[in-house]
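One letter stands for each residue in the lines below.
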Amino acid sequence: MRLTPNFSSGSKLAFLVATVFMLAGCPKPALYREPIVRYQQASTVVIEGARTEYGLANSREYDSLLNAHLAKRERISLSEIDKGDWRVISADALAVRMSALDALTKHGKLLLALASSDAPDRAKDAANSLDDAVKGLRLSLNNNTAPDTVDAKATAFAGVVAEVTKLTLEAKIQKALDSAIKSSESAVEGLIVSIKDDMANLYERRRNSLSLSRKSAVDAYNLELTQKIPDAEKLKKNISGIKKAEEDWDGLQLMLGAGPGLDAMLQAHQELVVYAKSPKNPQDFSELVEAVDAFVSSATVIADSIKVLRSGKA
């Protein structure tokens, strides 16, 4: 995904002043267009980063389980594997999170369509798409037998967007845009914070697991050295294990992207809400662009991390 480069401080000021004056006579939704374009692009990347981490969570936990048995030289039971207690996120909870991310993505696309006031049909398509995503989210919420914080925030978000889709389908574009931004303040931000908390927890679990793997790999090598006649092939294999553990440890930093990325998304959304409620003067616009710039920068880092994760290097 191509993200617009940051402005230099001098060119940014000129852009802000020129844009505000240029848009002064335009329909109000046009004032949002450029910031929302960049917000939507960046949020898509950050959401995809969270989706990737959720998708890897249980497979990483499964690897940790096997590595723990290996380190302790314990037998592995198929019943233990089948029982699934090792899963860090249940199937139902994972479905809620994936559905919530999908709805957040569609919400961003709706904002973009509404800001493009010359395309009401596209706005209606985006509203229908969001409505479908919310239906999927509600279904996931109903199927989850062990609700948690994310469920509560996702429920609030699903309730907020109903009015927005209704206004959009009625072609009340300006009102729908204002409602989509203002009414989503607590719901969207609450959901972002809950997902960010999830990412922090997953990071700590991954960090602890990799720390144990590093120790286990080194211990295995050193143990072989204590043998009267160390096996050269085992030592070679153990060295490969140490290298793999270190590569995984270095790759841990890739998980850091989701947290700061969600922080930047939260800040950008807050500024978007402030701008929607403001008189929309140059200073208001400047603060919005600053927040979106920071968000785009974070998203660029995350986009690179996603590529590495999907290439199997972490």
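Use the structure listed above.
Residues numbered from 1 in each chain as written. Predicted model: local features only at pLDDT ≥ 70, side-chain atom pairs only at ≥ 80, totals over all residues. Heavy atoms only, no water.

Draft legend 1. Spatial organisation of the overall build of the protein. Looking only at helices and strands, the protein has eleven helices and zero strands in total. Per-residue burial for the protein yields a buried fraction of 47% across its 314 residues. Here the contacts in the protein between residues at least 6 apart in sequence split such that 80% fall between residues at least 24 apart. A total accessible area of about 15900 Å² is found for the protein, and carbon and sulfur atoms account for 55% of it. (Helix = DSSP H or I, 4+ residues; strand = E, 2+ residues; numbered from the N terminus. Buried < 20%, exposed > 50% of the residue type's maximum accessible area, 1.4 Å probe, protein only. Contact = heavy atoms within 4.5 Å. Areas by Shrake-Rupley, 256 points an atom, 1.4 Å probe, with all protein chains shown as cover.)

Draft legend 2. How the structure looks around the environment of Lys106. Considering the arrangement of structural elements, one finds Lys106 in helix H4 (residues 91-115). As for Lys106 and Ala133, which are separated by 27 residues in sequence, their C-alpha atoms are 7.2 Å apart. Ignoring any residue separated from it by four or fewer positions in sequence, one finds Lys106 in contact with Ser129, Leu130 and Ala133.

Draft legend 3. Expanded view of the packing of H4 against helix H8 (residues 185-225). Running from N to C, H4 and H8 point in directions that differ by 135 degrees, and their axes come no closer than 12 Å. Here H8 runs oblique to H4, going by the angle between their axes. The crossing of H4 and H8 is left-handed. Across from Arg97, Ala100, Leu101, Leu104 and His107 in H4, the residues of H8 making contact are Val188, Leu191, Ile195 and Asp198. Its residues assigned to classes, the contact of H4 with H8 comprises six nonpolar, one polar and two charged. (Axes fitted to C-alpha atoms, helices over the stretch in contact; angles between N-to-C directions. Parallel < 35°, antiparallel > 145°, perpendicular 65-115°, else oblique. Left-handed = near helix turned anticlockwise from the far one by under 90°. Nonpolar A, V, L, I, M, F, W, Y, C, P; charged D, E, K, R; others polar.)

Draft legend 4. Quick look at the pattern of salt bridges. On inspection of all chains with the given rule, the structure shows 14 salt bridges. The shortest N-O distance in the salt bridge between Lys135 and Asp131 comes to 3.5 Å. On the criterion of helical spacing, the pair formed by Lys135 and Asp131 is a turn pair, its members being four residues apart in helix H5 (residues 120-143). The partner of Lys277 in a salt bridge is Glu185, and the shortest N-O contact between them spans 2.9 Å. (Salt bridge = Lys/Arg side-chain N within 4 Å of Asp/Glu carboxyl O.)

Draft legend 5. Spatial organisation of helix H6 (residues 149-169). Helix length check: H6 (21 residues) gives 31 Å between terminal C-alpha atoms against 30 Å at 1.5 Å per residue, within 8%. Summarising the contacts, the buried residues of H6 are in contact with H4, H5, helix H7 (173-182) and H8. With a side-chain oxygen positioned 3.2 Å from the backbone nitrogen of Val150, the residue opening H6 is Asp148. Ala171 sits one or two positions beyond H6 and adopts a positive phi of about 65 degrees. (Expected span 1.5 Å × (residues − 1). Polar contact = N/O pair within 3.5 Å; in protein donor to acceptor, adjacent residues only side chain to side chain.)

Draft legend 6. Up close: the environment of Lys236. Within the secondary structure, Lys236 is located in helix H9 (residues 232-251). The sequence separation of Lys236 and Tyr221 amounts to 15 residues, and the corresponding C-alpha distance is 8.8 Å.

Draft legend 7. Focus on the packing of aromatic side chains. Evaluated as defined, the whole model comprises three aromatic pairs. Aromatic side chains Tyr62 and Trp86 sit 5.2 Å apart centroid to centroid with 50 degrees between the ring planes, which places their arrangement in the tilted category. Taken as a pair, Tyr62 in helix H2 (residues 29-72) and Trp86 in the loop between helix H3 (78-83) and H4 lie far apart in primary sequence, 24 residues in all. The exposure class assigned to Tyr62 is partly exposed, which follows from its relative accessible area of 28%. On the basis of relative accessible area, Trp86 is assigned to the buried category, the value being 15%. Across the ring face of Trp249, the terminal group of Arg214 is positioned such that the distance to the ring centre comes to 4.6 Å. (Phe/Tyr/Trp six-rings, centres within 6.5 Å; stacked < 30°, edge-to-face > 60°. Lys NZ or Arg CZ within 6 Å of the ring centre and 35° of its normal.)

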